[in-house]
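Summary of structural features
So you can see what is in the structure, the chains are spelled out below.
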Amino acid sequence: MAPVPATAAAAPAAVSTHEIRRAQRADGPATVLAIGTANPETCVPQDEYTDFYFRLTKSEHLPELKNKLRRICKHYACTHIVTSIEKRFLHVNDDVMEAHPEFADRHLTSLDARVEIASKVVPELAAAASAKAIADWGRPATDITHLIFSTYSGVKAPSGDRLLASLLGLRPTVSRTVLSLHGCYGGGRALQLAKELAENNRGARVLVACAESTLIAFYGPEVGCNDTIIGQALFGDGSGAVIVGADPVGAVERPLFEMTFASQTTVPDSEGAITMQYMKGGMDYHIASGVPEMLAGNIERCLVDAFGAIGVAARWKDLFWAVHPGGRRILDLIEESLGLENGAMAASRQVLHEYGNMSGTTVIFVLNELRRRFVAGGAEGADWGALMAFGPGVTVETILLRVGSGLKGN
Ligand SMILES: CC(C)(COP(=O)(O)OP(=O)(O)OC[C@H]1O[C@@H](n2cnc3c(N)ncnc32)[C@H](O)[C@@H]1OP(=O)(O)O)[C@@H](O)C(=O)NCCC(=O)NCCSC(=O)/C=C/c1ccc(O)cc1
């Protein structure tokens, strides 16, 4: 009989599966340890956007639609100069449209070309944001154990996470996950998964990277399709990256925000309110005009349930807020429904003002803006906060946050 190797004979009886499991878990809560953001080079001021869009899509023959977009953009620039959009960053520019005139007409086949471009530029944008997050973190990229990549431009395999991992020099053993087409709640979903991974794998350091580009849904206006006009007034490109881990390493890692609880809620009877679908001419989307009211009517329930689950009695006016700025009206109505003062969502409004709605990645910009405000000793003196993101479903992501020790005493 062949001898049994010593290592194989010693292990099984000594340690129970429960003990092995316990040893794998982290002690502390998942914590945001670093944040980075990036945008493409082309920057279009909101008051120039209408001319930019109608020129690029050769749509000057539709003056009524042009006036409508101008009205909405001007409305932002004049009436809400502080709280609404001032400029946006985009990958699409004159060069892209010259190379691909077919992008202007959603009835022409262009999906292959869009996906081809997006599969390169979207991970590259994510790499730019991730590199900043890794620098902010202070540890080498090779210490990342898990990667979650979220984008609505990811319809190819191997998908963007593979390119992203290689651009960043992550280890071949990094555990990769792609989230696709979660739209504006992609950032919230990715952070929730990061929390699970960080708390269930001792020592894990999870890189969350979200990157969105309107390239996939940039086409000319059409009579009877107001969604396109609204989208053109709101959406921009950007990438946000966050490193999440539990039990921060004292001298190196700075705990920014602790993630104390996370939940997802599907709003009843809301299936058709926000939709996204890949078509031969690019991604089609629909945003029902009642979305701000729908969200405002459901947000409080999500908050009550979340705080109730951890037995914390919270007063809304004492919290800091990282709410996805889907549009100015969404922030207005949510503030109103929660009885908050107009400045409560200042971080969300600032991001909307500077970048527009960058879909799933926007909430990461808001977290970064909140961090900036805490460091500057701004108005957000609160200890507890809520991150909320929403998108197709209609889905509401809620994460309860607490200010980490890395932000206290600033
Ligand atoms: C800033 C808005 C758009 C306008 O401000 P307002 O105070 O409502 O102003 P008005 O009442 O004067 O409305 C301006 C015009 O916009 C029109 N409008 C007002 N919402 C609408 C409406 N959903 N439909 C189609 N007309 C409308 C409205 O009818 C009106 O038209 P008109 O009378 O002809 O000037 C405001 O309504 C607002 O914040 N809406 C929320 C937008 C929203 O739901 N966002 C969340 C969803 S985001 C999302 O799904 C992302 C998908 C996505 C997809 C592709 C991507 O590349 C990236 C992302």
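Bear in mind the structure is a predicted one, so any value in this text is a computation, not a measurement.

Topic: helix H6 (residues 111-137)
Under the 1.5 Å per step criterion, the end-to-end length of H6 is 37 Å for 27 residues, consistent within 8% with the ideal 39 Å. Of all the bends in H6, the greatest, near 30 degrees, is centred on alanine 118. Just beyond H6, the residue with positive phi is glycine 138, at close to 90 degrees.

Here we look at the packing of helix H10 (residues 291-309) against helix H11 (residues 328-337)
The interhelical angle for the contact between H10 and H11, taken along N-to-C directions, is 35 degrees, at an axis separation of 9 Å. Along this stretch, H10 crosses H11, giving a crossing that reads as right-handed. Only Arg329, Ile330, Leu333, Ile334 and Ser337 of H11 make contact with H10, whose side of the interface consists of Val291, Pro292, Glu293, Leu295, Ala296, Ile299 and Glu300. In terms of residue class, the contact of H10 with H11 is built from 8 nonpolar, 1 polar and 3 charged.

A look at the pairing of strand S4 (residues 146-151)
Among the 6 residues of S4, 6 are classified as buried, and the element is accordingly described as predominantly covered. Of the two faces of S4, both are covered, the one formed by His146, Ile148 and Ser150 as well as the one formed by Leu147, Phe149 and Thr151. By the bridge criterion, 6 bridges tie S4 to strand S5 (residues 175-180) in an arrangement that is parallel. Opposite threonine 151, over in S5, you have serine 180 as the bridge partner. With helix H7 (residues 160-168) bridging S4 and the parallel S5, this β-α-β connection has right-handed handedness. Sheet topology places S4 next to strand S6 (residues 205-212); 5 bridges connect them, and they run parallel. Looking at the pairing, serine 150 lines up with cysteine 210 of S6.

Description of the environment of alanine 296
Of note, alanine 296 is situated in helix H10. Once residues within four sequence positions are removed from consideration, alanine 296 is found in contact with Leu333, Ile334 and Ser337.

So, the layout of surface pockets
Within this model, the largest pocket holds a volume of roughly 930 Å³. Taken together, 45 residues line the largest pocket, and the ones lying closest to its centre are Ile230, Leu234, Phe235, Ile287 and Gly326. Ranked by residue count, the leading element in the lining of the largest pocket is helix H9 (residues 226-234), at 7 residues. By residue class, the composition of the lining of the largest pocket is 24 nonpolar, 15 polar and 6 charged.

So, the packing of H11 against helix H12 (residues 346-355)
Axis angle and axis distance: for two packed helices, these are the angle between their axes and the distance between the axes, and together they describe the pair. Where H11 meets H12, the axes come as close as 10 Å, and the angle between the chain directions of the two elements is 170 degrees. By the criterion of interaxial angle, the relationship of H11 to H12 is roughly antiparallel. Residue-level contacts link Arg328, Leu331, Asp332 and Glu335 of H11 to Ser348, Arg349 and Leu352 of H12. Classifying every residue of the contact of H11 with H12 gives 2 nonpolar, 1 polar and 4 charged.

Quick word on the nonpolar core
Judged by nonpolar contacts, the single largest core of 90 residues is most densely connected at Leu303, Trp321, Met388 and Phe390. In terms of residues, this core owes the most to one element, H6, which gives 14 residues. With near-sequence residues (within four places) excluded, tryptophan 321 lies in contact with Leu303, Trp316, Leu338, Leu340, Ala344, Met345, Ala347, Val366, Leu370, Ala386 and Met388. Judged by nonpolar contacts, the second largest core, of 38 residues, contains Ala194, Val244, Ala262 and Ala382.

Calculation notes
Residues numbered from 1 in each chain as written. Predicted model: local features only at pLDDT ≥ 70, side-chain atom pairs only at ≥ 80, totals over all residues. Heavy atoms only, no water. Helix = DSSP H or I, 4+ residues; strand = E, 2+ residues; numbered from the N terminus. Expected span 1.5 Å × (residues − 1). Bend = angle between axes of the 7 residues up to and from the residue. Axes fitted to C-alpha atoms, helices over the stretch in contact; angles between N-to-C directions. Left-handed = near helix turned anticlockwise from the far one by under 90°. Contact = heavy atoms within 4.5 Å. Nonpolar A, V, L, I, M, F, W, Y, C, P; charged D, E, K, R; others polar. Buried < 20%, exposed > 50% of the residue type's maximum accessible area, 1.4 Å probe, protein only. Pairing = 2+ DSSP bridges. Right-handed = clockwise from strand over helix to strand, strands pointing away. 1 Å grid on protein atoms, 1.4 Å probe; cavity = no way out; pocket = protein on both sides within 12 Å on 5 of 7 lines; lining within 4 Å. Points joined across faces, edges and corners; volume = space filled by probe spheres on them. Parallel < 35°, antiparallel > 145°, perpendicular 65-115°, else oblique. Core = buried A, V, L, I, M, F, W, Y, C linked by side-chain atoms within 4.5 Å.

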